[in-house]
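# A structural walkthrough
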Amino acid sequence: MEEAPVCVVTGGRGFVARHLVIKLIDSGKWTVRIMDLAPEIDLEDDERSGLLGEALASGKAHYASADLRMKSQV
């Protein structure tokens, strides 16, 4: 089976990015890398029990804390 392409969503916890992440996961065509400044992802209850929580648990989505202004973190 072929691996899904990876899509990196920066600012991944912002309003627009949250919805983009869900759409990418829901499509089933992407592995999603969520990047944001926070040291860890803090999911709301509905996110934890929903598609995003499942994707993070299964490896279809990954969270990374990074500052894109810092070349060493990218």
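These remarks concern the structure in this document. Note that residues are indexed from 1 along each chain, following the sequence as it is written. Note on the predicted model: pLDDT of at least 70 is required for a residue's local features to be given, and 80 or more for side-chain atom pairs to be given and counted; whole-chain, interface and lining totals, by contrast, use all residues. The side-chain quantities take in all heavy atoms of the structure and omit both hydrogens and water.

## Some words on the overall build of the chain
We count it as follows: Per the convention used, a helix needs a DSSP run of H or I reaching at least four residues, while a strand needs a run of E reaching at least two, with both numbered from the N terminus. Both definitions apply: the radius of gyration is a C-alpha atom measure, and the globule rule equals 2.2 Å times residues to the power 0.38. Partly exposed residues are those whose accessible area sits between 20% and 50% of the maximum for their type, while under 20% is buried and over 50% is exposed, using a 1.4 Å probe and protein chains only. A 1.4 Å probe and the Shrake-Rupley method give the accessible areas. Residues count as covered only by the protein chains that appear here. Counting rule for charge: Lys and Arg are taken as positive, Asp and Glu as negative, and neither His nor the chain ends is counted. The location of each charge is read from NZ of Lys, CZ of Arg, CG of Asp or CD of Glu.
From N to C terminus, the chain includes 3 helices and 3 strands. Mapped in sequence order, the helices and strands of the chain form the string β-α-β-α-α-β. Its C-alpha radius of gyration of 12 Å places the chain within 12% of the 11 Å reference for a compact globule of 74 residues. Its C-alpha atoms give the chain principal-axis dimensions of about 35 × 30 × 20 Å. Expressed as a percentage of its 74 residues, the buried residues of the chain come to 31%. Here the chain has roughly 5,300 Å² of accessible surface; of this, 55% comes from carbon and sulfur atoms. For the chain, the distance from the average site of its 9 positive side-chain charges to the average site of its 12 negative ones is 6 Å.

## With respect to the pattern of salt bridges
Heads up, the condition is: Throughout this description, the term salt bridge denotes a Lys or Arg side-chain nitrogen within 4 Å of a carboxyl oxygen of Asp or Glu.
Throughout the structure, instances matching the rule amount to 5 salt bridges. R48 is the partner of D45 in a salt bridge, and the nearest nitrogen-oxygen pair spans 2.8 Å. Highlighted residues: D45 and R48, both in helix 2 (residues 45–48), separated by 3 residues, approximately one helical turn. Judged by its relative accessible area of 60%, D45 falls in the exposed class. With a relative accessible area of 47%, R48 lands in the partly exposed category. Through salt bridges with shared partners, a single ionic network connects R13, R18, E44 and E47.

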